[in-house]
Number of protein chains: 2
Amino acid sequence: MNQNRLSIFALGGVNEIGKNMYVVQYGDDMIVIDCGGKFPDETLLGIDLIIPDITYLEENRDKIRALIVTHGHEDHIGGIPYFLKKLNVPIYATRFTLGLIELKLDEHRLTGDTQLVEVHAESNLTFGEVGVSFFRVSHSIPDCLGIVLHTPEGNVVHTGDFKFDLTPANHQHSDIHKMAEIGKKGVLALISESTNAERKGLTPSEEMVGNHMDEAFLRADGKIFVSTFASNVNRVQQVVDAAIKTNRKLALIGRSMVNVVQVAMERGYVTIPEGMIIDARSANELAPEKVAVLCTGSQGEPMAALSRLSTGNYRDMVIYPGDTVILAASPIPGNEKDVSRIIDNLFQLGAKVIYGSGSTTGMHVSGHGYQEDLKLMLTLMKPTYFIPIHGEYRMLHHHRLLAESVGVEKGNSFIIKNGDVVDIENGVAVQTRSIPNGDTYVDGVSVGDVGEIVLRDRRQLSEDGMVVIVITLSKADRKIIQGPDTITRGFVYVKDSEDLIREINRLTKKTINDLQAENVRQWNVMKQNIKKSVGHYLFTQTKRKPMILPVIIEI
Amino acid sequence: MNQNRLSIFALGGVNEIGKNMYVVQYGDDMIVIDCGGKFPDETLLGIDLIIPDITYLEENRDKIRALIVTHGHEDHIGGIPYFLKKLNVPIYATRFTLGLIELKLDEHRLTGDTQLVEVHAESNLTFGEVGVSFFRVSHSIPDCLGIVLHTPEGNVVHTGDFKFDLTPANHQHSDIHKMAEIGKKGVLALISESTNAERKGLTPSEEMVGNHMDEAFLRADGKIFVSTFASNVNRVQQVVDAAIKTNRKLALIGRSMVNVVQVAMERGYVTIPEGMIIDARSANELAPEKVAVLCTGSQGEPMAALSRLSTGNYRDMVIYPGDTVILAASPIPGNEKDVSRIIDNLFQLGAKVIYGSGSTTGMHVSGHGYQEDLKLMLTLMKPTYFIPIHGEYRMLHHHRLLAESVGVEKGNSFIIKNGDVVDIENGVAVQTRSIPNGDTYVDGVSVGDVGEIVLRDRRQLSEDGMVVIVITLSKADRKIIQGPDTITRGFVYVKDSEDLIREINRLTKKTINDLQAENVRQWNVMKQNIKKSVGHYLFTQTKRKPMILPVIIEI
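Worth saying up front: this structure is predicted, and the values here are computed from it rather than measured.

A word on the packing of aromatic side chains. Inspection of the entire model under this criterion finds 12 aromatic pairs over all chains. With centroids separated by 5.6 Å and ring planes inclined at 90°, the aromatic side chains of F9(A) and Y56(A) adopt a geometry described as edge-to-face. In this pair, F9(A) sits in strand 1 (residues 6–12) while Y56(A) sits in helix 1 (residues 55–59), placing the two residues 47 residues apart along the sequence. Like Y56(A), F9(A) is buried. Relative to F164(B), the ring of F162(B) lies with its centre 5.7 Å away and its plane at 75°, an arrangement referred to as edge-to-face.

If you want it as structure tokens, here you go:
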């Protein structure tokens, strides 16, 4: 390792949305930024969470100085419990972000061992040869940071997730003055998020949502339900404010809503008057027009509060005809169908439902900057080198075009893959090497034990089920003394398939007898032949390819 | 059955998008309208297609006079081969629709037996006491019909799928004059599609797409690829026209593109100059700017042409940097992720990609009328009773509100479920009874043999895999003489899980020995106990619940 080299790479977050993890290294000092999780798509059967493969970090554990967390969203903190089980690294984050990390560590019973260090936008830290300072950015969760890494080679800026909102909720302004100052001093490399790089214009302000929320509360007759991300504390505050203006008490429904609002209240990120919060049962004793409800489930999660309310399966609260339900969030791609199902159910209950993309209802704005926001950041920072992150390839691609449009030189933008390293030495940046990286799957309590083989089997089982064929052979002469017996699951409805099963058994018997006649006695050859003949037969009969599992027992 | 009663019901298509099938019955004369398929969502593991349960039709086979098909989309014709295997009913449809039905019957080797009757917008038919006439509507496929059923009780109108487009491609205008006339004569009940009942305004015209297509072709340097639904013959014609204007030859890629364009050419629905169509290999011999390609795969289907082109896996054609790819279709909800993956791949190849919703790129317009289109239909028809169809509940709900806004009396709209029957007698409509209905699953070649039990097993297998435990007992004394042997698939990576397997075998042995000691010898009790003890152990160890399958053999 060249002592004077600056290296930048991602272990998650590029060419994908989720599991963000970036590393800036100078010489022997490595700073890790964020440690996120990612939700599996429907092809990853049974997988609960995807986290970055941190093999490379484990191999370099003596060099890691800090994990700095930009903000408290799942795609930036979701991997922390698993990271901590492998690496004991101090974590630096703001007050609210630490609150959410602590909730997470509690769940995993990990509190106690971890060094959690609170920082704020004016903190300055030093890790070996690397100095760290921060700047405040606006996003859809409080207390977000951008990071400046001061290295002998030059300054590297990581934006965190951001938008520019001149009228944010809770006065959490982007610190444009500080950003301008950083840019003026010179930025060698900018690492900037790309989520909305495809969307033209400037992100709408949170102020718009507040106004729409107030109007909806004024117009509503019955109870009002608002569903949003618990971590969107700005949205929570807007609901609180609208409820105050219309003399409604507020019930919180859903575990994460209760927990996160608790953290936000304790730490001063949301202001709720004494006595305003009531529990769901007391809410039922009030007149409907005196009740507002904040609930989880805006993404259509089947077990969350809104889903259960929409089917009448929430014990302590019922939605009556005439009640209003506001979905104050946009469905994340992949969740549209689940959200739609809930909307259908709510309409069937007779509720008035306010839904749709934020732009049509005014009940949601994105927390990620659009093209003009991204250009403003690029213009403020005036970086020599640019690394777009936090996005699928098409977003990174568009972000690069934006960078070039505001003056980043062609050839100075690096669209990297996870594991690709941008090395900067004597002012010259190159990307030529890669380090180990990948997806680590969490399934139940196990991390990393489910890989491609297990998933391939699950896929086959999920498509066409399985057929287990048991045969007992005599050790003496290898003749069949019992079976074949066939058991199927997930393949066909057994009661209607007696002929099929009979033919499987006949084919199995014939295959074994034929092999015996040829003096073939290896189990694996027998099994292969049974799989082949039965598989062929079943495919011609059913056009299905169940997993076929011959079990041979010798007595 | 009351001889003078008019009955209307759906066997598919309400509270869902897909598997459209509607029935209008007067006395003993039943007319079936459409017979569609529906694609399964990700919870229906291994299922290929969903079709309506037609048990009720089978029970009333002597009353069915005709299957009339409004147009040739899959959600209106996809169930026909399965329908015909149960019911031999003559099919009435327009020339182009019949072409697509014939393609489908060819695939299922069903041609020959079926009576296919060509109709056009001016045809008049009589089935017992029911007369049938038609009117032309615009949609995203040629040759679409609305249907008027003339019954002694009054006229029933079924709109088919429609929008009003005053400048459609290929001059396939909605026949507004005829609709006005029908409305003037009196419509007892209107059955109208609701797909876009949530969208404000009027659907944009096909003309817009034509103009944008021309512009994109003029600007492009390299090859141009356009991906769209093969059945969207209007879009195909627009691509042909743009290619003619820019002197490009046209290659067709993808089986359905080749087949459907063939049908459209033969029957005169698309006009392509002699010699313009070339095959993919000859296209490679031309200069890139002389080549346009029409391909399937606009919904991100992994095996379709565009997907394979995007990963460089299409044998006869390669996308080079600078080539243009136009996605001239909107992703159907649920397909967004697959489409995004392809766009990412195309950008990585260096292609210019024109994508996004139709409204942002101008390369696609919906074939389904927006709110103002729906109101115009309601206004033209002035129905006494209104039944919104072809939509999820929220769409039907909004369509009812639209109907009331243009004068349909409150209480005269019926939001039905599949199977609900609206009976009209002496001018009075009531919905009080329901008939058998449901989803029939097609899996491979089998229809209806996969039900909830099989699907439940597939779900469990897909989540956590399976554990097969084989034990051989002695018939004489029921002692274990072989095993337990444990085989897992889709559960854990076996090589890393030897301890787990050893403990499964130990627990199984212990369970059997304990039961022996208590003189319990029933197999099912043994199996239950093994499942219980092993299941409990595995859940505490892994938080997973694999399917546990004990196999006991007695020798």
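Residues and elements named next belong to chain A. Taking 1.5 Å of rise per residue, 13 residues should cover 18 Å, and helix 4 (residues 95–107) covers 19 Å from first to last C-alpha, within 8% of that figure. Residues F96, T97, L98, G99, L100, I101, K104 and L105 constitute the buried set of helix 4. Residue R109 follows helix 4 closely and has a positive phi angle near 50°.

Residue and element names in this part refer to chain A. Strand order in the open sheet formed by 6 strands is 15-14-16-13-17-18, and the pairing between neighbours is parallel. Edge positions in the open sheet fall to strand 15 (277–278) and strand 18 (352–354), since each of these has one partner strand only. Where strand 13 (residues 224–227) and strand 16 (residues 291–295) come together, 4 bridges link them in parallel fashion. Each bridged residue has a counterpart across the sheet, and for S227 the counterpart in strand 16 is C295. Along the sheet, helix 6 (residues 206–219) makes contact with strand 13, strand 16, strand 17 (324–327) and strand 18, crossing strand 13 at roughly 155°. The strands that helix 7 (residues 233–245) touches are strand 13, strand 14 (249–253) and strand 16; relative to strand 16, the one it contacts most, it runs at about 175°.

The subject of this paragraph is the UniProt feature "domain: Metallo-beta-lactamase" (unreviewed entry) in chain A. Under the UniProt annotation, "domain: Metallo-beta-lactamase" (unreviewed entry) lies at residues 18–212 of chain A. Within the segment residues 18–212 of chain A, helix and strand shares are 24% and 30% respectively, and the terminal C-alpha atoms sit 30 Å apart.

Residues and elements named next belong to chain A. Pairing is mixed in the open sheet, where 8 strands are placed in the order 7-6-5-3-2-1-20-21. Looking at strand neighbours, the two that pair on one side only are strand 7 (116–118) and strand 21 (428–434), the edges of this open sheet. On average, adjacent strands in this sheet sit at an angle of 25° to one another, irrespective of strand direction. Of the pairings in the sheet, the one linking strand 1 to strand 20 (residues 420–425) comprises 4 bridges and is antiparallel in character. Note on strand 20: the bridge partner recorded for L6 is I424. Contacts between helix 4 and the sheet are confined to strand 6 (91–93) and strand 7, with strand 7 contributing the most and set at about 160° to the helix.

Residues and elements named next belong to chain B. Among the structural elements, D29 can be located in strand 3 (residues 29–33). One polar contact links the side chain of D29 to the main-chain amide nitrogen of E129, over a distance of 2.9 Å. In contact with D29, other than residues within four places in its own chain, are V24, K63, R65, F127, G128, E129 and V130.

A few words on a nonpolar patch on the surface. Side chains of I481(A), I555(A) and I481(B) sit close together on the surface and give an oily, nonpolar patch of about 220 Å² of accessible area. Its location among the elements puts I481(B) in strand 25 (residues 480–489).

This paragraph deals with the UniProt feature "binding site: substrate" (unreviewed entry) in chain A. Residues and elements named next belong to chain A. The UniProt record marks H364, V365, S366, G367 and H368 with the feature "binding site: substrate" (unreviewed entry), using the residue numbering of this structure. Tracing the sequence through the fold places H364 in the loop between helix 12 (358–361) and helix 13 (371–381). Separated by 3.2 Å, the side chains of H364 and R235 make a polar contact. Examined against the element boundaries, V365 turns out to sit in the loop between helix 12 and helix 13. The contacts of V365, once residues within four sequence positions are left out, are K163, P204, S205, E206, M208, V209 and R235.

Moving on: the pattern of salt bridges. All names here are of chain B. Under the counting rule described, the total for this entry stands at 62 salt bridges over all chains. One salt bridge in this structure joins D439 and K19, with 2.8 Å as the shortest N-O distance. Taken together, the residues D439 in strand 22 (residues 439–443) and K19 in the loop between strand 1 (6–12) and strand 2 (21–26) connect sequence positions 420 residues apart. A relative accessible area of 40% places D439 in the partly exposed class. Here R267 ties to E102 by a salt bridge, and the two come within 3.1 Å at their closest N and O atoms. Taken as a pair, R267 in the loop between helix 8 (255–266) and strand 15 (277–278) and E102 in helix 4 (residues 95–107) lie far apart in primary sequence, 165 residues in all.

This paragraph deals with the interface of chain B and chain A. Facing 59 residues of chain B, the contacting portion of chain A comprises 59 residues. Both sides together, the interface formed by chain B and chain A hides about 5,100 Å², and carbon and sulfur atoms give 60% of it. For the interface between chain B and chain A, the tally reads 6 salt bridges. For R394(B), the salt bridge goes to D344(A), with nearest N and O atoms at 2.8 Å. Taken together, the links from chain B to chain A amount to 18 residue pairs in polar contact (both at pLDDT 80 or more). Elements with a minimum of two residues in the side of chain B that touches chain A: helix 11 (336–348), helix 14 (393–405), helix 15 (452–464), strand 24 (466–473), strand 25, helix 17 (523–542) and strand 26 (547–554) of chain B. Taken together, the residues that form the side of chain B that touches chain A break down as 24 nonpolar, 16 polar and 19 charged.

Moving on to helix 5 (residues 176–185) of chain A. Because an α-helix packs 3.6 residues into every turn, residues spaced three or four apart end up facing the same way. Residues and elements named next belong to chain A. Among all positions of helix 5, only K178, M179, I182 and G183 are buried. The buried residues of helix 5 occupy an angular sector of 140° when the element is viewed end-on, so they sit on one face. For helix 5, exposure combined with an orientation more than 90 degrees from the buried face picks out H177, K184 and K185. G186 sits one or two residues past helix 5 and shows a positive phi near 105°.

Residue and element names in this part refer to chain A. Structurally, chain A comprises domain 1 (6–201 + 366–436), domain 2 (206–361) and domain 3 (452–554). Inter-centroid distance (C-alpha atoms) of domain 1 to domain 3 is 52 Å. Interface of domain 1 and domain 3: buried area, both sides summed, is about 370 Å²; carbon and sulfur atoms make up 63% of it. Among the residues of domain 1 in contact with domain 3, T43, L44 and L45 are the three that bury the most area, contributing 85% of the side total. Taken together, the connections running from domain 1 to domain 3 amount to 0 salt bridges. Joining domain 1 to domain 3, the criterion identifies 2 residue pairs in polar contact (both at pLDDT 80 or more). Partitioning the side of domain 1 that touches domain 3 into residue classes produces 3 nonpolar, 2 polar and no charged.

Calculation notes
Residues numbered from 1 in each chain as written. Chains lettered and ligands numbered in written order. Predicted model: local features only at pLDDT ≥ 70, side-chain atom pairs only at ≥ 80, totals over all residues. Heavy atoms only, no water. Phe/Tyr/Trp six-rings, centres within 6.5 Å; stacked < 30°, edge-to-face > 60°. Helix = DSSP H or I, 4+ residues; strand = E, 2+ residues; numbered from the N terminus. Buried < 20%, exposed > 50% of the residue type's maximum accessible area, 1.4 Å probe, protein only. Expected span 1.5 Å × (residues − 1). Pairing = 2+ DSSP bridges. Contact = heavy atoms within 4.5 Å. Axes fitted to C-alpha atoms, helices over the stretch in contact; angles between N-to-C directions. UniProt positions renumbered as here; feature names shortened; annotations may be inferred. Polar contact = N/O pair within 3.5 Å; in protein donor to acceptor, adjacent residues only side chain to side chain. Patch = residues over 30% accessible without salt bridge, like charges linked within 9 Å, V, L, I, M, F, W, Y side chains within 5 Å. Areas by Shrake-Rupley, 256 points an atom, 1.4 Å probe, with all protein chains shown as cover. Salt bridge = Lys/Arg side-chain N within 4 Å of Asp/Glu carboxyl O. Buried area = accessible area lost by both parts, 1.4 Å probe. Nonpolar A, V, L, I, M, F, W, Y, C, P; charged D, E, K, R; others polar. Arc of directions from axis to C-beta. Domains from an automatic or database assignment.

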